[in-house]
Structure formats: C-alpha cells, structure tokens
Amino acid sequence: MSPPVAPPGWSRWLVPPAALSVHLSIGQAYAWSVFKPPLESALDLSGTQSALPFQLGIVMLGLSAAFGGTLVERNGPRWAMTVALICFSSGFLLSALGAATEQYWLIVLGYGFVGGIGLGIGYISPVSTLIKWFPDRPGMATGIAIMGFGGGALIASPWSAQMLESFGSDSSGIALAFLVHGLSYAVFMLLGVLLVRVPRSEKPVESAPSAFDGPQVSARNAVRTPQFWCLWVVLCMNVTAGIGILEKAAPMITDFFKETSTPVSVSAAAGFVALLSAANMAGRIGWSSTSDLIGRKNIYRVYLGVGAVMYGLIALFGDSSKPLFILCALVILSFYGGGFATIPAYLKDLFGAYQVGAIHGRLLTAWSTAGVLGPLIVNWIADRQENAGKSGSDLYSLSFMIMIGLLVVGFVANELVRPVSARHHIPAPREAADVTARQQPESA
C-alpha cells in the first residue's frame, strides 16, 4: 500500500486532526480502571487479575511499536492507522465476547494482546508524518497528536461509566459496553485513515527548513548509538516518576491526609485524578511546544530537574499542605505528558526524519519498562510500610526518595547526549530517493 500523497494546495493543518482521531481513541487505555470493579464483581476476579488486560496492553504497546516501527515507516501512516483500527476495535469485540460468555481469558487476549498491538501501531502511526509536515515546529505537531492519547481518558471515563450505568454492571452489561466501544472507535478512527496524507515534497512549507536537513540515521544504526540509549534512560526515568503517582493517585492523596484535620473524600480523590489527567494532557501540548523555543535538551532538564524538586517537596511538606501536594503532583504529571510528546522531536533533532517513526517505536520499550517499574516501586513499598505498622505519608516517603534518585539518573543521561557521530549517518541522497520512490506511484 503506497502512502496517500497530498494533492496540490492540501493544508497541513488537516493532518493533526487525523492523528488526533486515532490518539483520542486509543487513549481509552487510561480509562481501563472504570471497568475494573464491575469485572471483579461479575467474574469474581482479584484486583491483580482485573489489571492484567491493561498491563498486557501497555507491554504490547511497547513491543508492537518497537517491532512494527519499520513497517510503519515503509508502508506509511494510512496503513498503520488501518492496522491500529482493526486491532484496537477487534480487541474490544473479543472482550465483548469474553464478557458475554464469562471467559476472562478472552478479555485478556482481546483487550490486552490484540488491542495492545493496536495501541502500539496507532501510537506511532502519525509521528513521522507530522514531523515531515511540520519541520519548523516538530514539538508542537507531535504534541497535538500525543495530547490526544493523554486526553482520551477524559472522554472515555465518563462515557464508559454512563454506559455501565445504563446497560448494567453484570457480565452482559459489560459485554454490551465493550461492543459499543469497539464499533464507535472503529468509526472515529476511520476518519483519521481517510484524512491522513504525506507531503508531496521534502519542503511542504517553502519558508520552513526541510525535515531532511542535517544528518540522517537509520533505525538500525540509531540503536547502536549511545545517544539512543541515553534517551531510553531519560524517557524511562521520566515515565517511571510520573506513572508512580498516576497509577495510585486516589488512594495516595487519601492516605496523605487521612490523619489530618482535612481528610480527602472519595469524590475529592476522584476529582484529583481528573485534574492529573488534565495536567497530563496540557503538558503534552504546552511543554512540547515550549521545546521548539528553548530546545529539547533544555526542556528535559526542566522535566527531570524540577520534577525531582517537586517530589522532594511532596516528601518533606506534602502532608502539611494540601495545595502544595496537589500543585507538585500536577507539575509532575505535566512533565510526564510533556516527556512523551517531546521525545519524537528530540529523536528527529538527533537522528533526522528519515526513519524517526521506527526509532520512536524502538524507544517506547522504555515506556513498557516504566509501566511495570513505577507502580511496582510505589505499591510494593507502600505494602511493606503498611505491614511494618506505618501509615499516612510514611507509606510513600521511601518510594518518593527512589523517584528522586531515578530522575537524577535521567538528568545525567540527558546531559550525556551529544550529536550523533558521522559514521552512523546515511548518504544524503538516500532518503530523498526513498521519498521520491514512495510518492511516485500516487503522483504519476
């Protein structure tokens, strides 16, 4: 399948909405917790079991992005978005069958394995194309799309909750909710499939630089450079720090203020989670756009350095000031989202636009690692501290100190990033020939 080439006069501003239609859909993954209590009740599952589809989905996201990145570059964004649509929607349909027949393994297979492949391919599907359309503002362009993944839960959470209330929270009601999700997301993602285009030339905007200016490095060569692994550590540490709060946000704020004169109610804790989701989404577009002005290395200095300070403030003073706790958590979550949105532009700066989508896919294995590492650190230590008779903020003090250490490691890794050695560059005409070859069948 040849990627669809934009006709003369095509507006590049039509490409971000195409990317958003995919990212807003697959961003439903962050709303999985809505289905956890009904599934536990209807199918007699433990909390660990009900989390398995989400955990497997995140693992498959990283793996499919890593192994499918080269195919996405070769076949183009429409192919990738089509694969994402089929896998993500099929995952919901399989889950619907699993819920209807009370076969939990089908939900794990559908949502976790098949849907997880859709997550990974869908996540990286527009990145390379956006960078080529917006060589002058790559941080903003990728931030708009990846903002959708962070904001998808803001739509999916109330929508899913309303469906479960209307259909019922038994196995048949859950099955119907899954079915509606699968069909609705298929239609919405189809808009992106039909709308997406690749630019006709290397310079879609005459006044802007070409996306292929500067050194170009293939995905195969990129993973052999120290720069790739430094950025892998940077992303892993930043995500671990953010997801450590995100995954346990409601019980964490409740525990912090349980023994104070201003305890946090269940509804207030839910409101805190919604605020974190908003900060996550806002950080994706706000901080990534800022990186176009101050540079990628500088913005990661902010994410990692200021993030460590925020964790320190929570650890030292968080239980004595609710506004301070909330403010610091919001800043950390904005950095979490910003780190995701800025990393494709950082990769483009270092390795060029030639195979940036494939390189980005390989780097997302850092997300899979952090998705396990962050919750494990916070939950395991909190359980151990509780068994030792501690309570309140003492449950989290040690894990926050560990997070500070991890952010410092990420800060050092970012400082070690240097321009890629010329021995890893590909010959300049190579990528231009590839662009021409891809576009020739459609433009002829």
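Keep in mind it's a predicted model, so treat the numbers as computed, not measured.

**Q** For the overall build of the protein, give the residues involved together with the corresponding values.
**A** Counting its regular elements, the protein contains 18 helices and zero strands. Rg of the C-alpha trace for the protein: 22 Å, near the compact-globule value of 22 Å for 444 residues, within the 12% margin. In terms of overall dimensions, the protein has C-alpha extents of about 70 × 50 × 35 Å along its principal axes. Evaluated residue by residue, the protein yields a buried proportion of 55% over its 444 residues. A separation threshold of at least 6 residues defines the contact pool for the protein, and within that pool the share at least 24 residues apart is 84%. Between the centroid of the 26 positive side chains of the protein and the centroid of its 23 negative side chains there is a distance of 11 Å.

**Q** Quick one: what's the story with a nonpolar patch on the surface, residue by residue and with numbers?
**A** Taken together, the side chains of L93, F167, L176, L179 and L183 make up a nonpolar region of the molecular surface, amounting to roughly 390 Å² of accessible area. Examining the composition of the nonpolar patch, we find that three residues originate from one element, helix 8 (residues 171-195), more than from any other. Looking at the element boundaries, L179 is found in helix 8.

**Q** Talk me through the environment of A80; I want residue IDs and the actual numbers.
**A** Here A80 lies in helix 4 (residues 77-101). On the basis of relative accessibility, which here comes to 0%, the residue A80 falls in the buried class. Considered as a pair, A80 and R137 are 57 residues apart in the sequence and their alpha carbons are 23 Å apart. Filtering out sequence-adjacent residues up to four positions away, A80 remains in contact with V72, I121 and S125.

**Q** I'd love a proper account of the packing of aromatic side chains, names of residues and values included.
**A** Summed over the entire model, instances satisfying the criterion amount to 31 aromatic pairs. Judged by centre distance (5.8 Å) and plane angle (40°), the ring pair of W32 and F35 falls under tilted. Where F35 meets F178, the ring centres are 4.8 Å apart and the plane angle is 40°; that geometry is what we call tilted. A residue pair is termed long-range when its members are at least 10 positions apart, and F35 in the loop between helix 1 (15-26) and helix 2 (36-43) and F178 in helix 8 qualify at 143 residues. Look at F35 and you get buried, because its relative accessible area is 0%. Taken together, the ring pairs connect W32, F35, F88, F92, Y111, W159, F178 and Y185 into an aromatic cluster. The ring of W10 carries R197 above its face, with NZ or CZ at 4.7 Å from the centroid. In this arrangement the basic side chain of K322 is found over the ring face of F257, its NZ or CZ atom lying 5.5 Å from the centre.

**Q** Account for the environment of E165, naming residues and giving values.
**A** Mapped onto the elements of the fold, E165 is located in helix 7 (residues 138-167). The spatial distance from the C-alpha of E165 to the C-alpha of A177 is 10.0 Å, given a sequence separation of twelve residues.

**Q** Requested: an account of helix 2, with residues and values cited.
**A** Here helix 2 has its buried residues at P38, L39 and L43. One side of helix 2 carries all its buried residues, which in axial view fall inside an arc of 100°. Contacts made by the buried residues of helix 2 are with helix 5 (104-124), helix 7 and helix 8. Of the residues flanking the end of helix 2, it is D44, one or two places downstream, whose phi is positive at about 55°.

**Q** Help me get a handle on the packing of helix 3 (residues 47-75) against helix 16 (residues 365-387), residues and values and all.
**A** In the contact formed by helix 3 and helix 16, the axes pass within 7 Å of each other and the chain directions differ by 165°. Here helix 3 is positioned roughly antiparallel relative to helix 16, judged by the angle of their axes. Read as a crossing pair, helix 3 and helix 16 show a hand that is left-handed. Within the contact between the two elements, helix 3 uses I58, V59, L61, G62, L63 and A66 and helix 16 uses T365, W367 and S368. Partitioning the contact of helix 3 with helix 16 into residue classes produces six nonpolar, three polar and no charged.

**Q** Lay out the side chain of T225 in plain terms, naming residues and giving numbers.
**A** Inspection of the secondary structure puts T225 in the loop between helix 9 (219-222) and helix 10 (226-246). A residue is classified by how much of its surface remains accessible, and T225, at 1% relative accessible area, is buried. Within the structure, T225 has its side chain in polar contact with the backbone oxygen of A222 (distance 2.6 Å). T225 has contacts with F351, V420 and H424, leaving out every residue within four places of it along the chain.

**Q** Got a sec to walk through the packing of helix 16 against helix 17 (residues 397-415)? Specific residues and values, please.
**A** At their nearest, the axes of helix 16 and helix 17 sit 9 Å apart, and the two run at 150° to each other. Taken together, helix 16 and helix 17 sit at an angle that is classed as roughly antiparallel. Every pair of crossing elements has a handedness; the one defined by helix 16 and helix 17 is right-handed. Contacts between helix 16 and helix 17 pair G374, I377, V378, I381 and Q385 from the former with L398, S399, I402, M403 and L406 from the latter.

Calculation criteria
Residues numbered from 1 in each chain as written. Predicted model: local features only at pLDDT ≥ 70, side-chain atom pairs only at ≥ 80, totals over all residues. Heavy atoms only, no water. Helix = DSSP H or I, 4+ residues; strand = E, 2+ residues; numbered from the N terminus. Rg over C-alpha atoms; globule rule 2.2 N^0.38 Å. Buried < 20%, exposed > 50% of the residue type's maximum accessible area, 1.4 Å probe, protein only. Contact = heavy atoms within 4.5 Å. Lys, Arg positive; Asp, Glu negative; His and termini not counted. Charge placed at Lys NZ, Arg CZ, Asp CG, Glu CD. Patch = residues over 30% accessible without salt bridge, like charges linked within 9 Å, V, L, I, M, F, W, Y side chains within 5 Å. Areas by Shrake-Rupley, 256 points an atom, 1.4 Å probe, with all protein chains shown as cover. Salt bridge = Lys/Arg side-chain N within 4 Å of Asp/Glu carboxyl O. Phe/Tyr/Trp six-rings, centres within 6.5 Å; stacked < 30°, edge-to-face > 60°. Lys NZ or Arg CZ within 6 Å of the ring centre and 35° of its normal. Arc of directions from axis to C-beta. Axes fitted to C-alpha atoms, helices over the stretch in contact; angles between N-to-C directions. Parallel < 35°, antiparallel > 145°, perpendicular 65-115°, else oblique. Left-handed = near helix turned anticlockwise from the far one by under 90°. Nonpolar A, V, L, I, M, F, W, Y, C, P; charged D, E, K, R; others polar. Polar contact = N/O pair within 3.5 Å; in protein donor to acceptor, adjacent residues only side chain to side chain.

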